[in-house]
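Residue strings, one per chain:
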Amino acid sequence: MRSGNPALKESTFLDLASGSVVSRDGATMTLNGTVNKTAFLLLLTVLTAAFAWSQVEFGTDGRPQPGFGMYMWGGAIGGFVLAMVTIFKKEWSPVTAPLYALVEGFFLGAISAMYNFMYDGIVLQAVMLTFGTLFALLFAYRSGLIKATENFKLGVVAATGGIALVYLATIVLGFFGVSIPLIHESGIVGIGFSLFVIVIAALNLVLDFDFIETGVEQGAPKYMEWYGAFGLMVTLVWLYIEFLRLLSKLQQR
């Protein structure tokens, strides 16, 4: 894409999220570089998740023992903070993205251990479904079966925002002892809601693929490889959690 705007020359990249132009030096974003960094972030997440899994314990009554909350809530809050820093300071992503992966791994390890304690084997199923969805969507995107058109992007972003509002309302109402009926239960409505959320989370992978491909084509700065890998990690974590929720609802039935 060429432009008469002097700011949009070969040494710059238009940030698709903020609309601002960021300058770069000679090194540019590559597809292989992004793939390698995604694999590295996944490895870091697995390492800390395995450690957290090995540390948490549950009593005979099913209650988590002391230390569980530290890994789960510490990982969740720490991951959220690092994610916000990475989003607003993309140039810091070479540092913040690995830190996010490490911290998020503690959360995933703790919550996975809890789900697996309640429903033996559910974690392996969720992992297989998550990566199966990743590769299926990647194939569909690369083969042209799914195209990230502007209307597609608007629809996915709008649906994602709606889901975020529902989850935010669930958290806020929970402080007052109020729960949103049906959607978080194991009935038909609850399972249908989980399936809808999984579809939207999966379609967010297409947006991630498109962002990475566009960044490579436009010669984004090298650090955007880390940001692209970070974006994929966030979506995969969300998708994995939603698969855990869906499988647990199915087990309850």
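Just so it is clear, the model here is predicted, and its values are computed rather than measured.

Enquirer: Give me the lowdown on the overall build of the protein, citing residues and values where you can.
Expert: For the protein, the helix and strand inventory stands at seven helices and two strands. Written out in order from the N terminus, the α and β elements of the protein read β-β-α-α-α-α-α-α-α. In the protein, which comprises 253 residues, the proportion classed as buried is 43%. Long-range contacts, defined as pairs at least 24 residues apart, comprise 78% of the intrachain contacts of the protein with a sequence gap of at least 6.

Enquirer: Let's hear about the packing of helix α6 (residues 188–217) against helix α7 (residues 224–252): which residues, and what values?
Expert: Taken N-terminus to C-terminus, the directions of α6 and α7 make an angle of 165°; their axes are 9 Å apart at the nearest point. One finds that α6 runs roughly antiparallel with respect to α7. Relative to α7, α6 is oriented so that their crossing is left-handed. Residues that form the contact of α6 with α7 fall into these classes: 20 nonpolar, six polar and three charged.

Enquirer: Explain α6 to me, using residue names and the numbers behind them.
Expert: Between the first and last C-alpha of α6 there are 44 Å, a value that for 30 residues agrees with the 44 Å anticipated at 1.5 Å per step. G219 sits one or two positions beyond α6 and adopts a positive phi of about 70°.

Enquirer: I'd like to hear about the pattern of salt bridges, residue by residue, with values.
Expert: Tallied over the entire structure, the rule returns six salt bridges. Note that R142 and E213 form a salt bridge whose closest N and O atoms lie 3.1 Å from each other. Of this pair, R142 sits in helix α4 (residues 122–142) while E213 sits in helix α6, placing them 71 residues apart in sequence. Residue R142 is classed as exposed on the basis of its relative accessible area of 55%. Exposure remark for E213: the relative accessible area of 27% places this residue in the partly exposed category. In this structure, K222 and E225 form a salt bridge, with 2.8 Å as the shortest nitrogen-oxygen distance. Judged by its relative accessible area of 0%, E225 falls in the buried class.

Enquirer: Outline the nonpolar core, listing residues and values.
Expert: If you look at the biggest cluster of nonpolar residues, it comprises 66 residues, and the most contacted ones within it are I241 and L244. Contributions of two or more residues to this core are made by α1 (31–55), α2 (68–88), α3 (93–118), α4, α5 (150–174), α6 and α7. Ranked by the residues each element gives to this core, the list is headed by α7, at 17 residues. Once residues within four sequence positions are removed from consideration, L244 is found in contact with S112, Y115, I122, V123 and A126.

Enquirer: How would you sum up the UniProt feature "transmembrane region" (unreviewed entry) in the protein? Please name residues and give values.
Expert: UniProt feature "transmembrane region" (unreviewed entry): in the numbering of this structure it lies at residues 38–56, 68–89, 95–115, 122–142, 154–176, 188–207 and 227–247. Secondary structure content for residues 95–115 is 100% helix and 0% strand, and the end C-alpha separation is 31 Å. Span residues 188–207 is 100% helix and 0% strand, its end C-alpha atoms 29 Å apart.

Enquirer: Residue-level account of the packing of aromatic side chains, with values.
Expert: Under the criterion given, the structure shown has eleven aromatic pairs. On the basis of an interplanar angle of 85° and a centroid distance of 6.2 Å, the ring pair of Y167 and F193 is categorised as edge-to-face. Of this pair, Y167 sits in helix α5 while F193 sits in helix α6; the two residues are 26 residues apart in sequence, bridging distant segments of the chain. Considered together, Y167 and F193 belong to a single accessibility category, that of buried residues. Between F211 and Y227, the ring centres sit 5.8 Å apart and the planes meet at 65°, which makes this aromatic pair edge-to-face.

Scoring rules and cut-offs
Residues numbered from 1 in each chain as written. Predicted model: local features only at pLDDT ≥ 70, side-chain atom pairs only at ≥ 80, totals over all residues. Heavy atoms only, no water. Helix = DSSP H or I, 4+ residues; strand = E, 2+ residues; numbered from the N terminus. Buried < 20%, exposed > 50% of the residue type's maximum accessible area, 1.4 Å probe, protein only. Contact = heavy atoms within 4.5 Å. Axes fitted to C-alpha atoms, helices over the stretch in contact; angles between N-to-C directions. Parallel < 35°, antiparallel > 145°, perpendicular 65-115°, else oblique. Left-handed = near helix turned anticlockwise from the far one by under 90°. Nonpolar A, V, L, I, M, F, W, Y, C, P; charged D, E, K, R; others polar. Expected span 1.5 Å × (residues − 1). Salt bridge = Lys/Arg side-chain N within 4 Å of Asp/Glu carboxyl O. Core = buried A, V, L, I, M, F, W, Y, C linked by side-chain atoms within 4.5 Å. UniProt positions renumbered as here; feature names shortened; annotations may be inferred. Phe/Tyr/Trp six-rings, centres within 6.5 Å; stacked < 30°, edge-to-face > 60°.

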